Amino acid sequence: MSGKLFVSGDEAVALAVRQAKPHVIAAYPITPQTIVVERLSDFVEDGSLESQYLYVESEHSAMCACLGASAIGARAFTATSSQGLLYMVEGLHYASGSRFPIVMMNANRSLAAPWSIYNDQRDSLSELECGWIQLYAENAQEAYDTILQAYRIAEDPAVMLPVMVNLDGFVLTHTYELIQMAEQEKVDAYIPYRNFCNKLDLEKPKATCITAGPPYNMEFRYQQHQATLRAAETIRAADREFNEHFGRSYGGLLETYRCEDADAVLVTLGSVAGTARCVVDAYREAGKKVGLLKIRCMRPFPAEETAAALKGAKAVGVLEKDVSFGFEGVVHTNVNSALKEWNVTVPTANYVGGLGGRSISKADIAGIFDGLLSGSLNASETAFVNLRRDICGA
Amino acid sequence: MALNAKTITNQELFYGHKACPGCGAALAIRLALKVLGERAIVVIPPNCMSTVGYIYPHMPVFVNSVIPPFAGTAAVMSGILAGAEAQGLKNYHVVGFAGDGGTADIGLQALSGMIDRNDRAIFICYDNEAYMNTGVQKSSLTPYGMKTTNTPAGKRIHGSQTSKKRMFEIVAAHGIPYAATASVGYPEDFLAKVEKAMNTDGTSYIHVMAPCPTGWGTESDVTVDIGKEAVDCGLWYLAEYEGGEFRLNRDPKEFSSAEAYLKAQSRFSALDENDFARVLQERDEAWARMRRDWKK
């Protein structure tokens, strides 16, 4: 199938997964990911996807089933969100530690308590340390394309790591957009299935997810760290090759938008980058020098590229949908660490917004740019965007 | 040909491990792998057996194997099976070996899911009646009166105050194609049941009593005897569930002394006359029910 389709973000993911032809799909329903598993089971039913589809009784088992499938060399897929992601956390570490190239879609959703089914990114950003490559999509087309890129990255023999593809819940998962489909032959050529070097083998038995005591454990971790760092080059290559096959690319680990001579740059990730793009265009038309840095990959973190992109700015704002309580947003911490590491001195300010589904409007982003351009930056305090001060004693 | 000491293969697929002398669980795995052969794919969650069997680079499990998350034994088994099926692999058996806690407590949900899907895999619960790997703590399969390190036996409380969960019947209630109980004290019965499980088209479950000298307070050379005695005194039983029917494989006319069985193990050293009476009453009620409802 090729041509254009008008689909939601969830449907775009399901369509890409069908074209990636995983051997095994194991998933458990959770809002707002559910449409993905519904469509995939439709595809299995109508025969357009020949995957083993496992109806599991929990997200923990969904991840465990993917571990087993990947251990024996099968291409595996799962999808989850929020509480479900947290329920499978133990398995996330098994997957990365045993170098299983599982691909998972995560619909970014807030975490209880208080309960909310709506979007923020506290779920995935709380799992930066689980050893998965983390990619964030801005729109349905990028979500579709990133699923295909994710298999290219995960199964690269130099990488062999699981990849989490994040879509903002509802804002992206349930918004309908026109997407350009890829031709199946080109997908097959872009992500051919190849044997995993670490797979269980009936002719040459192995053990996996083994125990490693103090004399060996650190060396496993070192190699895992090196592989994750190496993945950065694979992510760039996957994006370049994607462009060659399909004519679309996303900058690899990050995208700079009108940053070149910008006085103020907003750093963000996910769907809000689309809103920020509009504001940047409007400000540029008004002669104000602003730019956008969209982080596409949080792990491995593009430290050098981030520092290079922000080098010429006079002020940087980091807008993110999470907060590490008692400190600041974790993206802000990462950006600042990158700047320090590469000796870039530029004032930064942290803006936490969109928690629990609160909208982030163009006016909110314009307000951030105005603050950054005014030169009166308060870098010491994390600002909560669009906070209802009257009801929370702020 | 029936499997017994004469007919069973001399090939060892689990040896050189670091289990305690007389370990019933290690014996159960060793015997089961003799039946399942070298194309078995073994899943052993974090427990004594994975602890003694996979300390890199010392790998005494001589077949393909995985340590899954503790709660996920059955789900990892299902994933392996699905991955193998999708790739067209032939002639292999996916088998899990979980302890009583890894089966009846933390592993129960995933096991239930696998039986629901009727995935063609063999789940073997080796039951040594407590969390031995962490130093003997109570599970839901710990018997009444057992002294563990979190159900201490003192003057006021005589060890664990709950009785064993009826795990075999919980599994059967799913409508599983084949389930059985066994004991390392009756190895031929166990071997036959593993063989039956291996040939079952769907999920199968074997619950094998596997004495633990360290946790039970017995000598290392009486494991098989104690495992046999558990059955003979009626505190364990040999049964099968197949085609929707329960069957007692062994229905002793007379039980040997349960009191003697309990007194031979230091884990029951705090039991008094009232406790023995309770254990016997529960045993007799269970057997009256099994004899009434199950085929013989």
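Everything below is about the structure printed above this text.
So, here's what we can say about the structure. Please read all numbers here as calculations on a predicted model, not as lab measurements. Here the residue index of a chain counts from 1 through its sequence in written order. Labels are handed out in written order, letters beginning with A for the chains and numbers beginning with 1 for the ligands. Confidence filtering applies because this is a predicted model: local features only for residues at pLDDT of at least 70, side-chain atom pairs given and counted only at 80 or more, and all residues used for totals across whole chains, interfaces and linings. Side-chain descriptors were evaluated using all non-hydrogen atoms of the structure, hydrogens and water having been removed beforehand.

Residues and elements named next belong to chain B. Remark: nonpolar core denotes a set of buried residues (Ala, Val, Leu, Ile, Met, Phe, Trp, Tyr, Cys) joined through side-chain atoms within 4.5 Å. Working definition: with a 1.4 Å probe on protein chains only, accessible area under 20% of the residue-type maximum means buried, over 50% means exposed, and in between means partly exposed. M49 and F97 are the most contacted members of the largest nonpolar core, which has 131 residues in total. To qualify as a helix, a DSSP run of H or I must reach at least 4 residues; to qualify as a strand, a run of E must reach at least 2; elements of each kind are numbered from the N terminus. Of all the elements, helix α1 (residues 24-36) adds the most residues to this core, at nine residues. By definition in these notes, contact holds between two residues if any of their heavy atoms fall within 4.5 Å. The residues contacting M49, other than those within four sequence positions of it, are F14, A19, C23, A25, A26, I29, I44, Y54 and Y126.

Okay, a nonpolar patch on the surface next. Residue and element names in this part refer to chain A. Patches in this entry comprise residues that are over 30% relatively accessible and not in a salt bridge; like charges within 9 Å are linked, as are nonpolar side chains (Val, Leu, Ile, Met, Phe, Trp, Tyr) within 5 Å. Computed with a 1.4 Å probe, the accessible areas rest on the Shrake-Rupley method; for each residue, only the protein chains presented here act as cover. For this document, the term salt bridge refers to a Lys or Arg side-chain nitrogen within 4 Å of an Asp or Glu carboxyl oxygen. The grouping of F6, Y176 and L178 at the surface amounts to a nonpolar patch, some 350 Å² of accessible area in total. You can see Y176 is positioned in strand β8 (residues 176-181). Under the relative-accessibility criterion, Y176 is labelled partly exposed at 39%.

Moving on: helix α5 (residues 108-117) of chain B. Buried within α5(B) are the following residues: A110(B), L111(B), G113(B), M114(B), I115(B) and R117(B). Where α5(B) ends, the next residue or the one after it, N118(B), has phi of about 55 degrees, a positive value.

What follows is about the sheet that holds strand β2 (residues 24-27) of chain A. All names here are of chain A. What the seven strands build is an open sheet, ordered β3-β2-β4-β5-β7-β6-β13; its pairing is mixed. One side of each edge strand has no neighbouring strand; the edge strands of this open sheet are β3 (52-55) and β13 (297-299). Strand-to-strand, the axes of this sheet are offset by a mean angle of 20 degrees, without reference to chain direction. Pairs of strands are assigned from DSSP output, requiring at least two bridges between the strands. Two strands pair when backbone bridges link them, and strand β5 (residues 103-108) and strand β7 (residues 163-168) are joined in this way by six bridges, in the parallel orientation. Note on β7: the bridge partner recorded for N108 is D168. With axes taken as lines fitted to C-alpha atoms, and helix axes fitted only over the stretch in contact, angles between N-to-C directions fall between 0 and 180 degrees.

Read from one edge of the open sheet, nine strands run β9(A)-β2(B)-β1(B)-β3(B)-β4(B)-β6(B)-β5(B)-β7(B)-β8(B), paired in mixed fashion. Sheet topology places β9 (207-208) of chain A together with β8 (245-248) of chain B at the edges, where each strand pairs with a single neighbour. Sheet analysis places strand β1 (residues 40-43) of chain B next to strand β2 (residues 64-66) of chain B, joined by three bridges and oriented parallel. What sits directly across from I41(B), in β2(B), is N64(B). Each of β3 (93-99), β4 (122-127), β5 (178-183), β6 (204-209) and β7 (239-242) of chain B touches helix α7 (residues 187-198) of chain B; the most contacted strand, β5(B), lies at about 160 degrees to it.

At the junction of the two partners, chain A supplies 40 residues and chain B supplies 39 residues. Along the contact surface separating chain A from chain B lie one salt bridge. Residues R39(B) and E203(A) are paired through a salt bridge, measuring 3.2 Å at the closest nitrogen-oxygen approach. Think of a polar contact as two N or O atoms within 3.5 Å of one another; within protein, one of them needs to be a possible hydrogen donor and the other a possible acceptor, and neighboring residues in sequence only count if both atoms come from side chains. At the boundary of chain A and chain B, one finds 14 residue pairs in polar contact (both at pLDDT 80 or more). Counting residues per element, the ones that place at least two in the side of chain A that touches chain B are β3, α3 (59-71), α5 (89-97) and β9 of chain A. Residue contributions to the side of chain A that touches chain B peak at eight residues, all from α3(A). When the residues that make up the side of chain A that touches chain B are grouped by side-chain class, the tally is 23 nonpolar, ten polar and seven charged. Where β9(A) and β2(B) come together, two bridges link them in parallel fashion. If you follow A207(A) over to β2(B), its bridge partner there is S65(B). Three categories are distinguished: nonpolar for Ala, Val, Leu, Ile, Met, Phe, Trp, Tyr, Cys and Pro, charged for Asp, Glu, Lys and Arg, and polar for the others, with Gly belonging to the last.

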